[in-house]
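These are the residues of each chain, in order.
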Amino acid sequence: MTALPRGESPGPSATGEDAAAVVPEEPTTEPAADADGDGDDGAAEGTDAQGEAGDAPAPSEAEAELAAQRELRERIEKRKAEKEGPIDAGAKLSGSAADLLAAVRAVESGAKPANAFFDSPAPAPARRAAPTPPPVRERAPGPAPAPRTASPEAVAATTAVLSRGGAPEALAEPAAALLGDRAAEVLREDPWQLLALPGVGPEQADGFARALLGAGCGPDDERRTAALTGWLLERAALQGHTALDADQVRTALAGRGVSDAEAAVQHAIAEGVVLVFQDGPEGETGERGETGETGEESGEDAEGAEEAAEPVPVLLGLDRYALAEESLADGLARLVNACEKADWSQAAAAAPSPSAAELIRAAGAHGLVAHTGGEAARAEPAALIAAARGLGLRALGAAHSADGRQRLAAQTGDPETAVTLSGLLSGTEGPGRDEEGALAVDLLVVLDAPQLDVETGAMLVESLADGVRLVLSGDPGVLGSAGAGQVFADVLAARACPRIVSRTPDSGPIGELVSGIGIGELSQVEAPGKEVVIVPVRDAGEAVHRTVQLVADSVPRAIGVPSGDTQVITVGHGGSAGTRALNEALKQRLNPGPGRFGGFDPGDRVAHVPAPGRTVPGVVVSADAEGLHLDCAGTPVVVPQERVAASVRHAWALSAHQAAGMRWPAAVVVLPGDAARGLSRPWVYTAFGRGERHLSVVHGVDQALPRAVAEVPAQERTTRLRTLLEGSRQEQ
């Protein structure tokens, strides 16, 4: 079988499978559709407008939603009018990106409630584009901000309310931290606010409300329906959606006992719990059916146009994702318009490959470039960074993980050229920021771009000054981001910028196997050096036994890769052969001990999750009163005692989503029989591609594996970013 270049088959990068990797203890198999019908669709938008439906007497659903959309469109058009034409260096920002980012940060930090930003904000201040390098403020790494905590008095009062309602007292501290010092009063007045806490479902919240309110509450209580609407959208975000179709929300509410789901949705909109959007191609928005807003077409032509036009869905979204998507779309358009075209042909002539030369020329001529390809194609962004630095530019590459950073640094030959994206944004890595807060770079290459969620993308783009060149590089066949959104897939689908497809295939049996998976084919490959080994098993118990045997004995002896360099990857965290069961068995064999440090011993392989969607592999060094001491790729990390249980897990075995963006000398992929429902082409593509020298597949799913590769593509995510980007292209 001939290895094919993996950049040629874009395919959606997002998948709801393994979405629970944002919280390591949850299952990571692909979520099955439930009776609510609320798990598979969604899209959100980002604007400062509130999508309220109005309080006209007995409005119909369509009238209320269209009225809200007209108000939203008027505000968007007002902003668009302010940014017509190309953006000159030193001119003001396109759109209200700065205001939107500030709103996101304020809401997330709890400094202000979300509805404080529903009214139109003041215009964003002008941003300076610096043609010459500005002075850089060196930012020494400081301690991470302490998690938000509540006062002891608030916790005590909240505990009393929870006890009265029959809820676990363990929820008191997180509830007080989330709801503030008035948490007890808030819960007494609206018990369904308990749904905002992780792990609390509608059944638990309903029981709590009945205990506090007695006969005064019912399934149609407006407090309940509003909280349920927000909960549905939060749950959809865990599957990667930035909002949900309004019809799906109504169906889900009806499944939860709400008798008038339409009124419940309108109430949630009016209360600012959700925003409402209706987007389509230019001139085909939600107002299309109203007189005077669709042009002067009449007769058969107009009727034909109406028949040909697809209905534009009404979408409900949470403000945090709405703000992020609007900010990101505005920021990407700004980078596209503000770039000064340059001829880098001479630098391209010295490139190590034709694909690298093409990428260098494109980056010189455009402010935004997309680059797709497999593992071997990562050499091309490295060549671009080296070429740009040779031209005197401040060029930098940002990877998803510390492993990706190390691999990039090895390819460029300069550790100063590689950072992790999280470290760059937090200021702990990279060149720092200029006096206006923009990153001190002229060219930024973001590797592992499919792992970029919409909120991180918005923060990143807003941190780039006018004139900076941004290259998004990644393999569109891998699993998408753990957070909401699908930035890379939306940029590719919207054709928002030039796309450079690498023609460099991955070599060797593993590269050949994975390239075939990328186009839906699972074929046998020649592996004379035992690069690929299939180990059939009958049940989950045998799968665990053979996995331990492979890691501890077979791979070190036959392949020469030590146990510490072999990573186990499985479909889910739970189950008889999930990460928990495998990690328990592997610890007993590889590093037995009593777990005297909160279940951990020195030498244990662990995964530290400092934030949802970020998995940092490490090794336990010691523990003391300060916390659990880890060595994460040479960087010492101290996890406070109170955070160990929530943010540290054993990591001899990981889920594929946790392993995305990282590679190991050897990988053992475990597929027990009960894993069949969690398999998809992106999952198999990602898991099988984590091994550099060796791949063992513990195979117990029979024909479910080739069927998943051939027939189960990525789960679609609904977002608004593609539509926003396409609208920006039409304006240019």
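Anything mentioned here points back to the structure above.
Cut-off values and rules
- Residues numbered from 1 in each chain as written.
- Predicted model: local features only at pLDDT ≥ 70, side-chain atom pairs only at ≥ 80, totals over all residues.
- Heavy atoms only, no water.
- Helix = DSSP H or I, 4+ residues; strand = E, 2+ residues; numbered from the N terminus.
- Buried < 20%, exposed > 50% of the residue type's maximum accessible area, 1.4 Å probe, protein only.
- Contact = heavy atoms within 4.5 Å.
- Areas by Shrake-Rupley, 256 points an atom, 1.4 Å probe, with all protein chains shown as cover.
- Core = buried A, V, L, I, M, F, W, Y, C linked by side-chain atoms within 4.5 Å.
- Domains from an automatic or database assignment.
- Axes fitted to C-alpha atoms, helices over the stretch in contact; angles between N-to-C directions.
- Parallel < 35°, antiparallel > 145°, perpendicular 65-115°, else oblique.
- Nonpolar A, V, L, I, M, F, W, Y, C, P; charged D, E, K, R; others polar.
- Pairing = 2+ DSSP bridges.
- Expected span 1.5 Å × (residues − 1).
- Polar contact = N/O pair within 3.5 Å; in protein donor to acceptor, adjacent residues only side chain to side chain.

Q: So what's going on with the overall build of the protein? Residues and values would help.
A: In terms of regular secondary structure, the protein is built from 26 helices and 21 strands. Here the protein, with 732 residues, has 55% of them falling under the buried criterion. The long-range fraction of contacts in the protein, counting pairs at least 24 apart against all pairs at least 6 apart in sequence, stands at 75%. For the protein, the accessible area works out to roughly 30,200 Å², and carbon and sulfur atoms hold 51% of it.

Q: Requested: an account of the nonpolar core, with residues and values cited.
A: In terms of nonpolar packing, the biggest core is built from 69 residues, with Leu253, Leu444, Leu470 and Leu472 touching the most fellow members. Among the elements that take part in this core, helix α7 (residues 222–238) stands out by supplying 7 residues, more than any other. Domain assignment of the residues forming this core places at least three in each of domain 1 (152–278) and domain 2 (320–504). Those residues in contact with Leu472, other than ones at most four positions away along the chain, are Leu368, Val369, Ala370, His371, Val446, Ala449, Leu452, Phe488 and Val491. Formed by 34 residues, the second largest nonpolar core is a distinct cluster that contains Val525, Ala656, Ala675 and Val684.

Q: How would you sum up the packing of α7 against helix α9 (residues 261–270)? Please name residues and give values.
A: Packed helices, taken two at a time, are described by their axes: the angle between them and the distance between them. Viewed as axis vectors pointing N to C, α7 and α9 meet at an angle of 80°, and their least axial separation amounts to 9 Å. Between α7 and α9, the angle is such that the two are roughly perpendicular. Taken together, the residues of α9 that come into contact with α7 (itself represented by Glu222, Thr225, Ala226 and Thr229) are Ala264, His267 and Ala268. Here the contact of α7 with α9 is composed, by residue class, of 3 nonpolar, 3 polar and 1 charged.

Q: Outline the pairing of strand β14 (residues 605–611), supporting the account with residue identities and numerical values.
A: With respect to burial, β14 is a largely interior element, 5 of its 7 residues being buried. Bridge analysis of β14 against strand β15 (residues 614–624) gives 5 bridges, and the strand direction is antiparallel. Looking at β15, one finds that His608 is bridged to Val616. Linking two consecutive strands that pair antiparallel, namely β14 and β15, is a turn of 2 residues; a positive phi of about 90° is found at Gly613 within it.

Q: Help me get a handle on α7, residues and values and all.
A: Here α7 contains 17 residues, and its C-alpha end-to-end distance of 25 Å stays within 8% of the 24 Å for a straight helix at 1.5 Å per residue. Of all the 17 residues making up α7, 12 are buried; the element is thus mostly covered by neighbouring parts of the structure. Among the residues of α7, Arg224, Thr225, Ala226, Ala227, Leu228, Thr229, Gly230, Trp231, Leu232, Leu233, Ala236 and Ala237 are the ones counted as buried. Looking at where α7 begins, the residue whose side-chain oxygen comes 2.8 Å from the main-chain nitrogen of Arg223 is Asp221.

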